[in-house]
Amino acid sequence: MTMSFAQLRAVYDRAPSAFDATGPQAARLATLGWTMIAIATVVFLVVMALLLVPVWRRRNAPRVDGPAEPVSERAWILYGGTAIPALILAGVFIVTLGAYDSAAPRPNGPPVTIEVIGHQWWWEVRYPGQHVLTANEIHLPVGRPVKVLLRSEDVIHSFWVPNLAGKTDAIPGVTNVAWLEADRPGVWRGTCAEYCGMQHAHMALSVVAQDDAAFARWTDSERAVSAPPADSGTLEGEQAFLQAQCVYCHTVRGTLAQGTVGPDLTHLASRLTLASGTLANNRGNLMGWIVNPDRLKPGTKMPAVPLSGPQLVAIVNYLESLK
Amino acid sequence: MAGPVERVDLAALATRLEESWHTPKTLYGRLTTVDHKTIGMRYLATAFVFLLLGGLQAGAMRAQLARPESHLLSPEAYDQLFSMHGTTMIFWYASPVLSGFSNYLVPLMLGARDMAFPRLNAFSYWTFLLSGLFIYSSALGGVMPHGGWFAYVPYTNAQYSPQLNMDFYALALLFLTISSTAGAINFIVTIFKTRCPGMSVSRMPLFMWSTLTTSVSMVFAMPALTAALIFLELDRRFGTHFYDPVRGGTPLLWQHLFWVFGHPWVYIVILPATGMASMIIPTFCRRPIVGHVYVALATVSTGIFGFGVWAHHMFATGMPALSTAFFSAASMGVSIPSGIQIFAWLATIWAARRHVLATPMLFMLGFICLFVIGGVSGVMTASVPFDWQATDTYFVVAHLHYVLIGINLFPVLAGFYFWLPKMTGRMLSERLGKWNFWVLFIGVNLTFFPMHVVGLRGMPRRVYTYPAGMGWDWLNLVESVGAVVTVVGIALFVVNVLWSLKRGVPARANPWGAATLEWATSSPPPEYNFTVIPTVSGREPLWEAHDALLGPADQEDVQATDPARAVGHATLHGAPRHEGAVVRLQEWRVLDEGKETLESTLLDADPQAVLRMPGDSLWPLVLSLALTGLFAALLFKSPLWTALAGVATLGSIAGWLWPTAATFPPRRAA
């Protein structure tokens, strides 16, 4: 079990981080963050000095009789407590306003548009112009702003790829807009950031940034319906798949499987992860996931389907052929 | 009732007052008492038990999160634990513990003999206790609330949460709002109308300002929560569509209503604690606070500003940039009054006559440190674009715990070290207290500081587990180790209190050499608080009277808690020295013809009338129990029981208010 989880890290090029920016928006936000951290550190140190120096100097000093020494209320309250903080805050607010446009880059051309739809607990991904439908994985062309239309089919989710941009909520009944732009090729982890129920922890997605040519190849391949089984083993697997309960929830385009409850599986084998970023996509994990989804992701809507050993192997063979 | 000093026989007076005010220590007496001191201590003890419960839940969560992909807790168990942790800490600990201090201290600081409405006060406590038991009874069925303390719809609507979990949440909170509202009204009237002669508004202790601001905020914030919860129950139970986007509702309505209540509530759970700081810091700096008026103004304006910042919890919901910019500016602006308060304390410490680093003061230094960290991280999250990265991550978990632990728990512990000797008559151990402070301070920072980092490294909140190798593993381990240290820190406090109750050195009337009226009476105070109603002529009545009226033993700054050193002082305990310290000899108001306290004018506190105070009564408890029945009947959707409990509730109110000959005593001029 632990082994199957451990392979997950290898899927991504780098660990998620708001401060390890791989796109212009996150870079902007990281600069804003570092600026404020610097200001915050100075403020903290100055206040601590004001607090601790007098305590240290006069701790347990002898008693002083007579009235307390007068203090300049103007200096402490008006300047220290009001004017200086107000100036600092005004500065922070101006920097804040300056970073607003990181949310909406101005594309010089028609942007790539993606629809991302939150479900408990996976992400549906559509490329409306390109007839691409996939799940838990977004591909982007490097250097081009991508417009993400966010919706939810059930509860509130929040879409977050920390290395690329801040988060935007996916709210039922609302279509929100988020922008992503990668300035280099790579694979990063995105995640749901709004608590959405039992498997909120396992609702991640992979973001793959590619150069234009690779991106075009990917969309071409995703657009295609599944190829007919190439060998008898796969054919047997397809039959087993179509006869099992899998088809009530899943679609494999080009076959009779047209369920729409769960993710589209037409190109499952080409994806990097399984179960919404829970597991690396490999044969062992796929088998374990089908045998007992609830053990790997307790509460998942995917039921354990009763399958014989040979049926299971055949279905996994088939799914692994869905490149 | 008024007369020169020499005509008053203090011993006889005390006996007469004792007869009027005494509650027998029987079971019936304990159930019917309306003494604000008893009720205050019950609030404190009950809220502290809720703190321990919330802490246990947090401990379980930190055990689960110590390692990646851990299977200690199921996701459902984790969700219930984090929901109950937040709900418990915010609603049943952070606010009630401050109500406990206010309950105990407000009448004493005002020189009054009880709260304005003593029975309502008892009712507030019983309702607080029973609503807490109500929500915790959900544990018996394994259906504790699981939607987070913020309970966002649609996840909490019946479609996604069909069991009783969220009904427990909604009904228990509705139940609790009755207690909070009643308590808030009581504080407002008490502070406005029962101040002793001479305590004009400008001389009110700062703790009164913070309690007053908090209470007014509560009265205005609660209706939003009540409405949100009623809509939720209607959606869940009766198929209305307030939050249903498919039929014209919107889930964002819940968020707006909840945070319109929720953000003022943040100030409600910190302002009284800052008021406590403004009482404690000057005591140990041996000088009046710098900028008294500005601190009072800052307190009030924080309460007002607090109503204009709610949407900063919603920066990622897709609100228009103009709205978010407004709320961003307001959220940064609200830190200016906090800056004023902090600089008033810094100035007081800077210009101290001397520093007495007793345990309460140590907690105050820690409080300012944590306050500043929580404050600057708060300004960072108020910066909208940065908040897009920070919100819903562990960065916010770090921020809010620095705020709530820093500005609530640390002052509360300082308050316990400071005022518990007044309440129990026994000092806490200074040595254990210092250990308590340092262990807790280290534990809290070890637990929560790494959360800033892990949040910006992409770890979302409210996850029951996380994958290995994302750069979160060792930071989470450090946090869990910190949680263990924090638990030890809290345990040291509990040990100290238990030790003090058994072995603590008897406390003098004014063991810290503090300035306000609660220190003018014995420790613990008699049931009637003051033998005579004091008259004050300044903000620090005991310091003004210091030289003339306190004996040589009291000249020592701080009472020692080391038993060997304290022998000499112990004999002073209980001496009726309080009246001498405060009375300016012009007028003595003894108010000894029954349970009486003084009513005074709003601004100048000129004596206006004598208030006849109600005696002990079982009705507050009966009404609370009837309400418990009503909410339980609503929970189980039983029309019959709902009707019966409704009748019982109305009957209890009628019984409580039933006019008797004693209800309308003749009004007397003061």
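What counts as what
- Residues numbered from 1 in each chain as written.
- Chains lettered and ligands numbered in written order.
- Predicted model: local features only at pLDDT ≥ 70, side-chain atom pairs only at ≥ 80, totals over all residues.
- Helix = DSSP H or I, 4+ residues; strand = E, 2+ residues; numbered from the N terminus.
- Rg over C-alpha atoms; globule rule 2.2 N^0.38 Å.
- Buried ≥ 20, exposed ≤ 12 C-beta atoms within 10 Å, placed from the backbone.
- Contact = placed C-beta atoms within 7 Å.
- Expected span 1.5 Å × (residues − 1).
- Nonpolar A, V, L, I, M, F, W, Y, C, P; charged D, E, K, R; others polar.
- Pairing = 2+ DSSP bridges.
- Axes fitted to C-alpha atoms, helices over the stretch in contact; angles between N-to-C directions.
- Parallel < 35°, antiparallel > 145°, perpendicular 65-115°, else oblique.
- Arc of directions from axis to C-beta.
- Left-handed = near helix turned anticlockwise from the far one by under 90°.
- Core = buried A, V, L, I, M, F, W, Y, C linked by C-beta atoms within 7 Å.
- pLDDT = per-residue confidence, 0-100.

**Overview of the overall build of chain B**
Item 1. Within chain B one finds 23 helices and 2 strands.
Item 2. Computed over the C-alpha atoms, the radius of gyration of chain B is 25 Å, within 12% of the 26 Å expected from 2.2 N^0.38 for a compact globule of 670 residues.
Item 3. The dimensions of chain B, computed from C-alpha atoms along their principal axes, are 80 × 60 × 50 Å.
Item 4. Within chain B, buried positions represent 61% of all 670 residues.
Item 5. Partitioning the contacts of chain B with sequence separation of at least 6, the portion at a separation of at least 24 is 82%.

**Structural notes on the overall build of chain A**
Item 1. The helix and strand tally for chain A stands at 8 helices and 12 strands.
Item 2. Over its C-alpha trace chain A gives a radius of gyration of 27 Å, far above what one expects of a compact globule, namely 20 Å for 323 residues.
Item 3. Taking the principal axes of the C-alpha coordinates as reference, chain A spans close to 100 × 50 × 35 Å.
Item 4. Across chain A, contacts joining residues at least 24 apart in sequence account for 67% of those joining residues at least 6 apart.

**Quick word on helix H6 (residues 165–193) of chain B**
Item 1. The end-to-end C-alpha distance of H6 of chain B, which contains 29 residues, comes to 42 Å, matching closely the 42 Å that a straight helix rising 1.5 Å per residue would cover.
Item 2. Taking burial as the measure, the 29 residues of H6 of chain B include 22 buried ones, the bulk of the element.

**What to know about the interface of chain A and chain B**
Item 1. Contact with chain A, which involves 75 residues of that partner, is made by 75 residues of chain B.
Item 2. When contributions to the side of chain A that touches chain B are tallied by element, the ones reaching two or more residues are helix H1 (2–6), helix H2 (24–58), helix H3 (73–99) and strand E7 (168–170) of chain A.
Item 3. Its residues assigned to classes, the side of chain A that touches chain B comprises 46 nonpolar, 19 polar and 10 charged.

**Some points on the sheet that holds E7 of chain A**
Residues and elements named next belong to chain A.
Item 1. Read across the sheet, 5 strands follow the order E4-E10-E9-E6-E7 without closing on themselves; strand pairing throughout is mixed. In this open sheet, the two edge strands, each paired with only one partner strand, are strand E4 (137–141) and E7. Going across the sheet, the axis of each strand differs from the next one's by a mean of 25 degrees, ignoring polarity.
Item 2. Pairing geometry for strand E6 (residues 157–160) and strand E9 (residues 186–192), over 2 bridges, is antiparallel. Among the inter-strand pairings, Phe159 is bridged to a residue of E9, identified as Cys192.
Item 3. Packing against the sheet, helix H4 (residues 212–223) makes contact with E4 and strand E10 (204–210), and its axis sits at approximately 140 degrees to E4.

**Section: the sheet that holds strand E3 (residues 132–135) of chain A**
Residues and elements named next belong to chain A.
Item 1. Strand order across the open sheet formed by 5 strands is E3-E2-E1-E5-E8, with mixed pairing between neighbours. Across the chains shown, the open sheet's two edge strands, defined by having one partner strand only, are E3 and strand E8 (176–180). Strand-to-strand twist of the sheet, defined as the mean angle between neighbouring strand axes without regard to direction, takes the value 25 degrees.
Item 2. Where strand E1 (residues 112–119) and strand E5 (residues 146–152) come together, 7 bridges link them in parallel fashion. Bridge assignment links Glu115 to a residue of E5, and that residue is Leu149.

**So, the packing of helix H5 (residues 232–243) of chain A against helix H8 (residues 309–320) of chain A**
Pairs of packed helices are described in terms of their axes, by the angle between the two and the distance that separates them.
Residues and elements named next belong to chain A.
Item 1. Between H5 and H8, whose axes approach to 7 Å, the crossing angle comes to 110 degrees. With respect to each other, H5 and H8 are oriented roughly perpendicular. Across the interface between the two elements, Gly233, Thr234, Glu236, Gly237, Glu238, Ala240 and Phe241 of H5 pack against Gln311, Ala314, Ile315, Asn317 and Tyr318 of H8.
Item 2. Of the residues contributing to the contact of H5 with H8, the split by class is 5 nonpolar, 5 polar and 2 charged.

**Regarding helix H6 (residues 283–291) of chain A**
Item 1. The complete set of buried residues in H6 of chain A reads Asn285, Leu286 and Trp289 of chain A. Relative to the axis of H6 of chain A, the buried residues are bounded by an arc of 100 degrees and lie together on one face.

**Points about the pairing of E9 of chain A**
Residues and elements named next belong to chain A.
Item 1. Of all the 7 residues making up E9, 5 are buried; the element is thus mostly covered by neighbouring parts of the structure.
Item 2. With 6 bridges joining them, E9 and E10 adopt antiparallel strand pairing. Bridge pairing in E10 places Trp188 opposite Val207.

**A short note on the pairing of E10 of chain A**
Residue and element names in this part refer to chain A.
Item 1. Of all 7 residues in E10, 6 are buried, a share of seventy percent or more.
Item 2. When E4 meets E10, the two strands line up parallel, connected through 5 bridges. Looking across to E10, one finds that Ile138 is bridged to Val207.

**Description of unusual backbone geometry**
Item 1. Following Gln120 of chain A, the chain continues to Trp121 of chain A via a peptide bond in cis, the omega torsion being 0 degrees.
Item 2. Within the secondary structure layout, Trp121 of chain A lies in the loop between E1 and strand E2 (122–127).
Item 3. Here the amide bond leading from Val153 of chain B into Pro154 of chain B is cis, since omega sits at -5 degrees, within 30 degrees of zero.
Item 4. Positive phi, normally seen in glycine, also occurs at Ala275 of chain A, with a value near 55 degrees.
Item 5. Structurally, Ala275 of chain A can be placed in the loop between strand E11 (273–274) and strand E12 (279–280).

**Considering the environment of Ala358 of chain B**
Residue and element names in this part refer to chain B.
Item 1. Note that Ala358 resides in the loop between helix H12 (335–350) and helix H13 (359–382).
Item 2. With 24 C-beta atoms counted inside 10 Å, the residue Ala358 sits in the buried group.
Item 3. Remark: the alpha-carbon pair of Ala358 and Cys285, spanning 73 residues in sequence, is separated by 11 Å.

**Overview of the packing of helix H9 (residues 271–285) of chain B against H13 of chain B**
Residue and element names in this part refer to chain B.
Item 1. Interhelical geometry of H9 versus H13 gives an angle of 120 degrees and a closest axis separation of 10 Å. As judged from the angle between their axes, H9 and H13 are oblique. Seen from above, H9 lies across H13 with left-handed handedness. For the pair H9 and H13, contact is made by Ala277, Ile280, Ile281 and Phe284 and by Pro360, Met361, Met364 and Phe367, respectively.

**Regarding the nonpolar core**
Item 1. Ranked by internal contacts, the top residues of the largest apolar core, which has 299 residues, are Leu180 of chain A together with Ala344, Met364, Phe367, Ile368 and Ala414 of chain B.
Item 2. Broken down by element, this core gets its largest block of residues, 22 residues, from helix H15 (residues 394–424) of chain B.
Item 3. Leave out the neighbours within four places in its chain, and Phe367 of chain B touches Ala277, Gly406, Ile407, Phe410, Pro411 and Ala414 of chain B.

**Comments concerning the confidence of the model for chain B**
All names here are of chain B.
Item 1. Residues of chain B with pLDDT of at least 70 account for 91%, and the chain-wide mean is 90.
Item 2. A low-confidence stretch, residues 547–556 stays under pLDDT 50, and its non-local contacts, those more than four residues away or across chains, total 8 contacts.
Item 3. In this model, residues 562–586 is a region of pLDDT below 50 whose contacts with residues beyond four sequence positions or in other chains number 48 contacts.
Item 4. Overall fold confidence (pTM) sits at 0.94, and the ipTM for the predicted complex is 0.96.

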